[in-house]
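Close look at the chain arrangement
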Amino acid sequence: VIARGRLTIFPAQGSFQIDVEQLEPKGIGSEELALRQLKEKLRQKGYFAPQRKRSLQKWPRRAAIVTSAKGAAIHDMLRQFATRWPFCEVILRPCRVQGEGSGDEIAGCIRMVSELHRTKKLQFHAVIVGRGGGSAEDLKAFNEEAVADAIFQCSCPVISAVGHEADWTIADEVADARAPTPTGAVTLFTPLHTDVRRNLNECHARLRENMNRRLQFARQEVEHRAMRPVLKQPLRRLRDFEQRLDDIADRLERAVANRLRKSNEKIAALAARLESLSPLNILSRGYSLTRLPDGTLLCDAGDVQPGDVIVTRLANGELTSRVEAT
């Protein structure tokens, strides 16, 4: 490592010490080290995770561009929009893209567009953030944490288009999509309207052909169905249904009558059986039932004592007796 700090010498002991104020790996500058540390920090926070990246709208209607209003990049992008997809409304949010404080300006513009989209005051299908090529120092603003935070928190998809294809910044890592150049961002974001028109014409031709084929099939189907007897003689089919309904009514009436007859016969048989099992029939043959006054049936002479009152049920009437002996 390379250490920088305050050096103190002790001549008597022949030694020295250094109070270190700054350390950096040998062969790596402080800016490069800070950039690596920032990348690692953002990676751990999930800023570069592929699963959080959003897809782009296939038919964009409005886009925002965050870049310098004076650079060649904005003019190249506007020409590309006009050539490829003139139906997209483009709104420029100008800002400085290099120099002291430019990173905060870029982040502020992204947050403004995000707030407009989030509150639905102005809806955007994407935000293109970028600039033309330059040195590493020129692209420094797109490696700042403030820009990464603004892109990560943006409510609509962000396309990073910084420098040339060989240039790579933290903004490229965090954005939902990365384009090699500013004009490449427009190409990535928009379809070519001539291709769309050609595809629409082909779809229109196929649709017309399919509709004509379906209409021809439907016409043949109608003609075929029109030849059926049910359409030629509709009353005949109704008469057939009426005859079937009469037959079903007759069968139902006979089935109900038969069911009632069988039910009556079953009820009569059960009644006769119940009559034969009636205790009264047994009493009519000379048997009797003897009970105590409380209704307890007597089955054993030992259950009463001389002087007890008993009630005897005969086939016709009851007798009340007093026990003389058992």
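Residues numbered from 1 in each chain as written. Predicted model: local features only at pLDDT ≥ 70, side-chain atom pairs only at ≥ 80, totals over all residues. Heavy atoms only, no water.

Now for the sheet that holds strand β4 (residues 89–94). What the five strands build is an open sheet, ordered β4-β3-β5-β6-β7; its pairing is parallel. Looking at the sheet topology across the chains shown, the edges are occupied by β4 and β7 (177–178). Taken together, the six bridges between strand β3 (residues 62–67) and β4 define a ladder with parallel strand orientation. In the strand pairing of β4, I65 is matched with L92. Seen against the sheet, helix α2 (residues 72–84) touches β3, β4 and β5 (126–131) and runs at an angle of roughly 165° to β3. Strand contacts of helix α3 (residues 102–118): β3, β4 and β5, with the helix running at about 165° to β3, the strand carrying the most contacts. (Pairing = 2+ DSSP bridges. Helix = DSSP H or I, 4+ residues; strand = E, 2+ residues; numbered from the N terminus. Contact = heavy atoms within 4.5 Å. Axes fitted to C-alpha atoms, helices over the stretch in contact; angles between N-to-C directions.)

Let's shift gears to a nonpolar patch on the surface. Taken together, the side chains of V1, L7, I9, F16, I18, V20 and L23 define a hydrophobic patch exposed on the protein surface, amounting to about 740 Å² of accessible area. Looking at the nonpolar patch, the elements that each hand over two or more residues are β1 (2–10) and β2 (15–24). No other element matches β2, which puts four residues into the nonpolar patch. For I9, the location among the structural elements is in strand β1. Overall, I9 belongs to the exposed group, its relative accessible area being 59%. (Patch = residues over 30% accessible without salt bridge, like charges linked within 9 Å, V, L, I, M, F, W, Y side chains within 5 Å. Areas by Shrake-Rupley, 256 points an atom, 1.4 Å probe, with all protein chains shown as cover. Salt bridge = Lys/Arg side-chain N within 4 Å of Asp/Glu carboxyl O. Buried < 20%, exposed > 50% of the residue type's maximum accessible area, 1.4 Å probe, protein only.)

Time to look at the pattern of salt bridges. Scanning all chains against the criterion turns up 17 salt bridges. The partner of D172 in a salt bridge is R178, and the shortest N-O contact between them spans 3.8 Å.

It is worth spelling out the packing of aromatic side chains at this point. A ring pair, where both rings are aromatic, is described by two values, the distance of the centres and the angle of the planes. If you walk through the whole model with that rule in mind, you get three aromatic pairs. Linked through ring pairs, W59, W85 and F87 together constitute an aromatic cluster. (Phe/Tyr/Trp six-rings, centres within 6.5 Å; stacked < 30°, edge-to-face > 60°.)

In regular strands, side chains alternate between the two faces of the sheet. Judged by how many residues are buried, strand β6 (residues 158–162) sits mostly within the fold: five of five residues are covered. Of the two faces of β6, the one holding V158, S160 and V162 and the one holding I159 and A161 are both buried throughout. As defined by bridge partners, β5 adjoins β6 across five bridges and the pair is classed as parallel. Residue V127 lies in a different strand from β6, and its bridge partner there is V158. Once you follow β5 into helix α4 (residues 145–153) and on to β6, the crossover reads as right-handed. By the bridge criterion, two bridges tie β6 to β7 in an arrangement that is parallel. (Right-handed = clockwise from strand over helix to strand, strands pointing away.)

What follows is about the side chain of R84. Here R84 is to be found in helix α2. No salt bridge is formed by the buried R84; the nearest opposite charge belongs to D195, separated by 6.4 Å. (Lys, Arg positive; Asp, Glu negative; His and termini not counted.)

Its location among the elements puts T67 in strand β3. With a relative accessible area of 1%, T67 lands in the buried category. Once you skip the residues sitting within four places of it in the chain, T67 turns out to touch I74, M77, L92, R93, P94, C95, V97, G130 and R131.

Quick look at the nonpolar core now. In terms of nonpolar packing, the biggest core is built from 32 residues, with V66, I106, I110, V127, V129, I151 and I170 touching the most fellow members. Broken down by secondary-structure element, the contributors of at least two residues to this core are α1 (30–44), β3, α3, β5, α4, β6 and α5 (170–174). Leaving out residues up to four positions away in the same chain, V127 has contacts with A64, V66, V113, C154, C156, P157, V158 and I159. Residues A73, M77, C88 and A179 belong to the second largest nonpolar core, which totals 18 residues. (Core = buried A, V, L, I, M, F, W, Y, C linked by side-chain atoms within 4.5 Å.)

Bringing the sheet that holds strand β10 (residues 318–322) into the picture now. Read from one edge to the other, the open sheet built from three strands follows the order β8-β9-β10, with strand pairing classed as antiparallel. Unpaired on one side and paired on the other, β8 (289–291) and β10 mark the two borders of the sheet. Strand-to-strand twist across the sheet, computed as the mean angle between neighbouring axes with direction ignored, equals 25°. In terms of strand pairing, strand β9 (residues 309–313) meets β10 through five bridges, oriented antiparallel. Paired with R313 across the bridge in β10 is E318.

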